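Each chain, written out:
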Amino acid sequence: MKKRQRVPGVVKFALFCFALYATVSLVHLQLQISDKSAQLEDLNAQIQSQTAKNSEIKDSLDQGASDENIATIARDKLGYASPGERVFVDASSK
């Protein structure tokens, strides 16, 4: 009968170190994957938000420059008034 040869301690230590390194590397990679997944979800939410904004802008462009839109912009943003109309500004709130 042949005797079994023993594995030297250095080889066992090297295998243990390799296994430890592989485990730590896998845990680190899993953490990175979860971080990137969270970033991906945030970016997808931003994409959906921007897509909704783009569709609103496209709808307003498709409506064109109607008289009501022009009058609203002229009153609200430019401070114009219709002929014969008086505009009162509340100065107490400023």
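So, here's what we can say about the structure.

Analysis parameters
Residues numbered from 1 in each chain as written. Predicted model: local features only at pLDDT ≥ 70, side-chain atom pairs only at ≥ 80, totals over all residues. Heavy atoms only, no water. Helix = DSSP H or I, 4+ residues; strand = E, 2+ residues; numbered from the N terminus. Rg over C-alpha atoms; globule rule 2.2 N^0.38 Å. Areas by Shrake-Rupley, 256 points an atom, 1.4 Å probe, with all protein chains shown as cover. Lys, Arg positive; Asp, Glu negative; His and termini not counted. Charge placed at Lys NZ, Arg CZ, Asp CG, Glu CD. Salt bridge = Lys/Arg side-chain N within 4 Å of Asp/Glu carboxyl O. Buried < 20%, exposed > 50% of the residue type's maximum accessible area, 1.4 Å probe, protein only. Patch = residues over 30% accessible without salt bridge, like charges linked within 9 Å, V, L, I, M, F, W, Y side chains within 5 Å.

**Some points on the overall build of the chain**
Link 1 in the chain: Helix and strand content of the chain: two helices and zero strands.
Link 2 in the chain: Computed over its C-alpha atoms, the radius of gyration of the chain comes to 35 Å, more than 25% above the 12 Å expected for a compact globule of 94 residues.
Link 3 in the chain: Dimensions along the principal axes, computed over C-alpha positions, put the chain at roughly 120 × 40 × 10 Å.
Link 4 in the chain: Here the chain displays about 9500 Å² of accessible surface, and carbon together with sulfur accounts for 60% of that area.
Link 5 in the chain: Counting 12 positive and 11 negative side-chain charges, the chain places the centres of these two groups 31 Å from one another.

**Describing the pattern of salt bridges**
Link 1 in the chain: A full pass over the atoms with the stated rule returns one salt bridge.
Link 2 in the chain: Between Glu85 and Arg75 there is a salt bridge, with the nearest N and O atoms lying 2.8 Å from each other. In this pair, Glu85 sits in the segment after α2 (67-76) while Arg75 sits in helix α2, placing the two residues 10 residues apart along the sequence.
Link 3 in the chain: On the basis of relative accessibility, which here comes to 39%, the residue Arg75 falls in the partly exposed class.

**Some words on a nonpolar patch on the surface**
Link 1 in the chain: Together, Phe13, Phe16, Leu20 and Val24 make up a nonpolar patch on the protein surface, roughly 450 Å² of accessible area in all.
Link 2 in the chain: Mapped onto the elements of the fold, Phe13 is located in helix α1 (residues 9-63).
Link 3 in the chain: For Phe13, a relative accessible area of 55% gives the class exposed.

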